[in-house]
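Chain by chain, the residues run as shown.
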There are 4 protein chains.
Amino acid sequence: MRAYQLPKGGAGIDALTKVDRPNPKPGHRQVLVKVAACSLNFRDLGIVRGTYRVSVPENIVPLSDGAGEVVEVGSGVRRVKVGDKVAGCFFQRWPGGEAPADAHATALGGGIDGMLAEYVVLEEDGVVKVPAHLSIEEGATLPCAGVTVWHAMMEHAKLVGGQSVLLQGTGGVSIFGLQFAHALGIQAIITSSSDDKLAKANKLGASHTINYKTTPDWEKAAMEFTGGRGVDCVVEVGGAGTLARSFGAIRVGGKIGMIGNLSGPATELNPGLIMGRRANIQGISVGSTQMFEAMNRAIAANAIKPVIDKVFGFDEAPAAYKHMASGAHFGKIVIRVA
Amino acid sequence: MRAYQLPKGGAGIDALTKVDRPNPKPGHRQVLVKVAACSLNFRDLGIVRGTYRVSVPENIVPLSDGAGEVVEVGSGVRRVKVGDKVAGCFFQRWPGGEAPADAHATALGGGIDGMLAEYVVLEEDGVVKVPAHLSIEEGATLPCAGVTVWHAMMEHAKLVGGQSVLLQGTGGVSIFGLQFAHALGIQAIITSSSDDKLAKANKLGASHTINYKTTPDWEKAAMEFTGGRGVDCVVEVGGAGTLARSFGAIRVGGKIGMIGNLSGPATELNPGLIMGRRANIQGISVGSTQMFEAMNRAIAANAIKPVIDKVFGFDEAPAAYKHMASGAHFGKIVIRVA
Amino acid sequence: MRAYQLPKGGAGIDALTKVDRPNPKPGHRQVLVKVAACSLNFRDLGIVRGTYRVSVPENIVPLSDGAGEVVEVGSGVRRVKVGDKVAGCFFQRWPGGEAPADAHATALGGGIDGMLAEYVVLEEDGVVKVPAHLSIEEGATLPCAGVTVWHAMMEHAKLVGGQSVLLQGTGGVSIFGLQFAHALGIQAIITSSSDDKLAKANKLGASHTINYKTTPDWEKAAMEFTGGRGVDCVVEVGGAGTLARSFGAIRVGGKIGMIGNLSGPATELNPGLIMGRRANIQGISVGSTQMFEAMNRAIAANAIKPVIDKVFGFDEAPAAYKHMASGAHFGKIVIRVA
Amino acid sequence: MRAYQLPKGGAGIDALTKVDRPNPKPGHRQVLVKVAACSLNFRDLGIVRGTYRVSVPENIVPLSDGAGEVVEVGSGVRRVKVGDKVAGCFFQRWPGGEAPADAHATALGGGIDGMLAEYVVLEEDGVVKVPAHLSIEEGATLPCAGVTVWHAMMEHAKLVGGQSVLLQGTGGVSIFGLQFAHALGIQAIITSSSDDKLAKANKLGASHTINYKTTPDWEKAAMEFTGGRGVDCVVEVGGAGTLARSFGAIRVGGKIGMIGNLSGPATELNPGLIMGRRANIQGISVGSTQMFEAMNRAIAANAIKPVIDKVFGFDEAPAAYKHMASGAHFGKIVIRVA
């Protein structure tokens, strides 16, 4: 089968190498998936650039996000059957409940080989069915960004309709967060440096948009929009300078889901801010298979369609990475495999 | 001031007596509310008929649900101010957290005098502000039916978007439940014996409707609609025969919020049903002030408008009761006071 | 290898047949366990008698509870290694979070072959390490009764120190519940028809004991012991007549964990009792691997030793069943395998 | 009546002034308490020194912690009666559920007059009964330190028996935490710079003690004690340098309850630590009346006796403050009022 591999983490986009590999075989409670499409996340860019906080094995097949069809099942498989359209779960061994301490050891395209290949063997507890109203390309966009923001908003902050969430920027995590909020009666405030992207966010149902270039004190704008109460939750994806502002935006007793440090070295955090707001901060790494299933039920019931920016061919994978690096996109970048 | 009172519980609708009473004065952390409108619940019918499971003092002013304007505040009041439009909370002494064991002793129109009067003194923790987009009549419909179903769906079952709720009939509890579900991305299945009422429910956003006259095995229809999985939650308002069917409608691990026995003597419950579904059943009595506030945020953010069936004048209060007794209504019955 | 099997459910204790079977081999993420000891539960008696509510396949190897040593691991095993002393989990496929709807299909000695054999293949997520201070016989007593009552008390009722639990009888579930309560600062009230057994319960740390023969209104005794407040949780293992009394024993807002119908046909339940206490009832079937691990941490940190009534040899398995049927035991009945 | 007052926050211990004040009268749902004893917290030292993060009104009666007897009740009081021995709640208006955003405005000895007076009027929802086995001096030690650490361990971290908590130093918060952990089957690791104090902590049931003078890498000692897993919860009371070490002590998915910055300017926090441990941090300010009641049930059921270091007379109040400032104490410092 054809696949991409990366000689080692940090080798750069141009080090991505197309290779032939033997077709894998599913063992007990495993499934063989013929991959149809993959999608990119900032994390994947971090891995090729060497800025991701977890290191990866040599010659790893990259990408956590992909979807395709089950073409063979091992012994004892109960959750899916041949012919099912499935997406892989970022963590192959976090079915539900508390995450294993070593979850990253079985993260696709991180601890173990990922999805940028024609065939992949996944654990039966490490796949979920793609909602019926989605194309397979759309299904391929869900695993990392979608589940991450679902975890932050619905599992950590336990947002309910009528509450509010502040989403930073218009990357995959924030756009999925915006779509979930809109469908679930939650008020979404979203920031960007581009009025054009904010206009698109408005069309997706943002309750309030803030251009952080022209309104650098965006936390004050968020506080004002909520009538001085503050937002219930911030999904913190930012780097330099955002965290302190996030504390200025949340209500007393509010929650911050910290996703990672995507855009540069993080500012240090004054613990006085935590006390002053009696805040709750949670470090969040994607989520479990059960969270993915819960998210898919919300996507299906509300006919949510992931936003796809551009679809690349399998041979154009490096171009897809470079498009993500440019920051020009709005929505997910997809690589078609089959 | 003018008010209605009931000589004793069970004396009947015609025993409702219009009286003159001295104007009440607010004490420490109390507010004086000039009542503008009240609304009716089945519980109020139960009280005049003597079928409600909690007995009431003699000469009680009836009705738990009402809204008006704060016209005077006692010492130490921090939560509201003169001029605020507020609704009273069903329980005057359940601000948040766990309910006091004797909550019913301070239930409006039950343990203590209720809202069917020109003026009422309420605890400052026993009022909430009416959402700005609502009329005062609409605000008067929220306290009992709205908070009850919010408690069942959002606090007990902790429903999230993508999950499903089964609502029995088209009384106030079920219609509020339908509106909340629709706004929050939750699938609502609703039953009625009237196709006309089901058509109205469809317009309010029901995902699925079932006429239980023509489909007496409504639990099977619900199971089928959910693809054999079962609903996540049933809000059980029914009497004879409904409870066993509710167990047939829920998923393994599903939840039943039990509101009361409104339509006749309850069927006994076979505990084997609880085991077979690994179900969770919770007895629910309205809710706390904090639940009311959370509900109001959802109502405000999603511009939900309570459904009002008919508005009666103060002098027509007995006619309003009789209209409720007829069962012909769809939505809340309001009595204008001021 | 040697094993017992049961021609079909309900065939009776004397139908238990000692057989030779081929040694099983572990697949991907499975482990081969050399079984050292098993223990009995009422459920196992129900299976041979045909009174258990879930049917079993023909020629099943019985018993859910057993412990031994890992002697071989399949590919990809990360949680345990050769040489580890482990107990099997009742449900082989409920690692954590929400239970799969079809959990019983992979229950040991129920849906699939159980532990009464020299070797057994288990899922790596379906075993837990035995606490270091326990013998392997003691480890074999934990899976069903221990996890069940841990689930009821700690996961469902979320009891904290200072709260109270009522335990019915002195079977395995209740005795483990008593030991957990004593170690965790929770007040345990326990009932029995035998003063001798109650004296033993006292030595294990019961806060209050009630002989339900001499005090048939045991719910009133429980209410009195709690100063009129009622207990926070009842672990309901009973049959005829106990459930209605359990409602008389709990506080307003209290919880009932319903374990099964062990001692006869269940009484029907008047839903008015649920409303009157605003009670919460949960159907409970053992628990997940993560619950088992949490329980084991409590057992280890508090040096809890399971109570073993009597140990039988492998050839005496039918005698062990008959001893359980006699009801004379106090604590777990063990069958030594290796 | 006699009372102490403080001209303004930060005026110093010697500015504490004994004054005569008129006896207060209870209003609706208020009670008059004849104070018998008070106790000191670091927060009270912070207020007289001007280092507390919340400012106080002029001429405030200091101290949040005190207990005495109800000698008069206002109208509508249901929770207590004349003759009850009660302690005041730190926050007078946080009965249960979510804290009001402005909770500090009604904090005793902070936002409003405190307990260092012969009589005080408290809200009926702002008092709890003192457990029967405690002296009134012991009851006076509970409100701030006890409820704070209960909130951190039992409400935020939701510790259950078998889990572990790391407690920093031997101040009031940590000593109560140690006693609760010991009674509830939770493993407590405690640090101090004094082997003498660690010996006392051992007698109170510490599972492990660490002298942070001789073992400055105490987080590594904690990690080692837990077999490399890390503790489930740290109650962070520290200042310079402790927070980063706390992240080194917790398990993946562990929790940090942040109580305040007691011993100096806080270190800044690298958000990478939060991600690396997928940690949860919660800013904690004492707790609600319902938490206080839950704590008292644990204290009563387990016969926990607060540790009192020394009792001062009413006229010796400044000496009591100075004793606390010396840091020589182990346990609570009490001022007898009546």
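Located above this text is the structure these notes cover.
Quick caveat: nothing in here was measured; it's all calculated off a predicted structure.

Draft legend 1. Expanded view of the interface of chain D and chain A. Counting residues at the interface gives 27 residues for chain D, matched by 27 residues for chain A. Among the elements of the structure, β12 (250–258), α8 (271–277) and β13 (280–283) of chain D are those that each provide at least two residues to the side of chain D that touches chain A. For the side of chain D that touches chain A, the element with the highest residue contribution is α8(D), accounting for 5 residues. Residues belonging to the side of chain D that touches chain A are distributed by class as follows: 12 nonpolar, 9 polar and 6 charged. Examined bridge by bridge, strand β13 (residues 280–283) of chain A and β13(D) share 3 bridges and lie antiparallel to one another. Bridge pairing in β13(D) places N280(A) opposite Q282(D).

Draft legend 2. Representation of the interface of chain A and chain B. At the junction of the two partners, chain A supplies 15 residues and chain B supplies 15 residues. In terms of residues, the side of chain A that touches chain B owes the most to one element, helix α9 (residues 289–301) of chain A, which gives 5 residues. Classifying every residue of the side of chain A that touches chain B gives 8 nonpolar, 6 polar and 1 charged.

Draft legend 3. Structural context of the pairing of strand β4 (residues 65–73) of chain D. Residues and elements named next belong to chain D. Sheet topology note: the strand β3 (residues 30–39)/β4 ladder contains 8 bridges and is antiparallel. Along β4, the bridge assignment pairs S39 with D65. Where β4 lies against strand β5 (residues 85–88), 3 bridges are found, and the strand directions are antiparallel. Counterpart to E69 in the pairing with β5 is K85.

Draft legend 4. Molecular detail of the sheet that holds strand β11 (residues 231–236) of chain A. The mixed open sheet is built from 12 strands, whose spatial order is β10(A)-β9(A)-β8(A)-β11(A)-β12(A)-β13(A)-β13(D)-β12(D)-β11(D)-β8(D)-β9(D)-β10(D). Looking at which strands have only one partner, the edges of the open sheet turn out to be β10 (208–211) of chain A together with β10 (208–211) of chain D. For this sheet, the mean angle separating the axes of adjacent strands, direction not counted, is 15 degrees. Bridge count between strand β8 (residues 164–168) of chain A and β11(A): 3 bridges; the pairing is parallel. Residue pairing in the sheet places V165(A) in a bridge with C233(A) of β11(A). Most of the contacts of helix α3 (residues 145–156) of chain D go to strand β11 (residues 231–236) of chain D, to which it runs at about 155 degrees, and overall it touches β8 (164–168), β11, β12 and β13 of chain D.

Draft legend 5. Layout of the sheet that holds strand β10 (residues 208–211) of chain C. Judged by pairing direction, the sheet is mixed, and its 12 strands sit side by side in the order β10(B)-β9(B)-β8(B)-β11(B)-β12(B)-β13(B)-β13(C)-β12(C)-β11(C)-β8(C)-β9(C)-β10(C) without closing on themselves. Looking at which strands have only one partner, the edges of the open sheet turn out to be β10 (208–211) of chain B together with β10 of chain C. Strand-to-strand twist across the sheet, computed as the mean angle between neighbouring axes with direction ignored, equals 15 degrees. Two strands pair when backbone bridges link them, and strand β12 (residues 250–258) of chain B and strand β13 (residues 280–283) of chain B are joined in this way by 4 bridges, in the parallel orientation. By the bridge assignment, K255(B) is partnered in β13(B) with N280(B). Contacts from helix α6 (residues 218–225) of chain B reach β8 (164–168), β9 (187–192), β10 and β11 (231–236) of chain B, with the element oriented near 160 degrees to β10(B). Sheet strands touched by helix α3 (residues 145–156) of chain C: β8 (164–168), β11 (231–236), β12 (250–258) and β13 (280–283) of chain C. Its angle to β11(C), the strand with the most contacts, is close to 155 degrees.

Draft legend 6. Summary view of the packing of helix α3 (residues 145–156) of chain A against α9(A). Residues and elements named next belong to chain A. Two elements in contact, α3 and α9, have axes separated by 10 Å at closest approach and are oriented at 85 degrees. In terms of orientation, α3 lies roughly perpendicular with respect to α9. Residues G146, V147, W150, H151 and E155 of α3 touch α9, and the partners they reach there are M291, F292 and M295.

Draft legend 7. Structural context of the relation of the copies chain A and chain B. In the superposition of chain A on chain B (RMSD 0.0 Å, axial shift 0.0 Å), the rotation amounts to 180 degrees. The relationship between the two copies is best expressed as a two-fold rotation axis. Closest approach to the rotation axis within chain A is made by the C-alpha atom of L184(A), at a distance of 2.0 Å. Most of the interface of chain A is mirrored in chain B, where 100% of its interface residues are also at the interface.

Draft legend 8. The packing of α3(D) against helix α4 (residues 172–183) of chain D, seen in detail. Residue and element names in this part refer to chain D. One can describe the packing of α3 onto α4 by two numbers: an axis separation of 8 Å at closest approach and a directional angle of 60 degrees. If you check the angle between α3 and α4, you find them oblique. Crossing handedness for the pair α3 and α4: right-handed. Residues A145, G146, T148, V149, W150 and M153 of α3 lie in contact with α4, whose contacting residues are G172, V173, F176, G177 and F180. Its residues placed into classes, the contact of α3 with α4 shows 7 nonpolar, 4 polar and no charged.

Parameters at a glance
The numbering scheme is per chain: residues are counted from 1 as the chain's sequence reads. Throughout, the order in which chains and ligands are written sets their labels, letters from A for the former and numbers from 1 for the latter. For a predicted model such as this one, the threshold for reporting local features is a pLDDT of at least 70, and the threshold for listing and counting side-chain atom pairs is 80 or more; totals across whole chains, interfaces and linings nevertheless cover every residue. By the convention adopted here, residues are in contact when the distance between their C-beta atoms, placed from the backbone, does not exceed 7 Å. Going along the chain from the N terminus, every DSSP run of H or I of four or more residues is numbered as a helix, and every run of E of two or more is numbered as a strand. Amino acid classes used here: Ala, Val, Leu, Ile, Met, Phe, Trp, Tyr, Cys and Pro are nonpolar; Asp, Glu, Lys and Arg are charged; the rest, including Gly, are polar. In short, DSSP must find at least two bridges between two strands for them to pair. Axis angles are defined between N-to-C directions and span 0 to 180 degrees, where every axis is a line fitted to C-alpha atoms and, for a helix, only to the segment in contact. By the definition adopted for this analysis, an angle is roughly parallel if under 35 degrees, roughly antiparallel if over 145, roughly perpendicular if from 65 to 115, and oblique otherwise. What sets the superposition is a least-squares fit of C-alpha atoms, and only residues with pLDDT of at least 70 in both copies go into it. Two helices cross in a left-handed way if the nearer one is turned anticlockwise from the farther one by less than a right angle. They cross in a right-handed way if the turn is clockwise.

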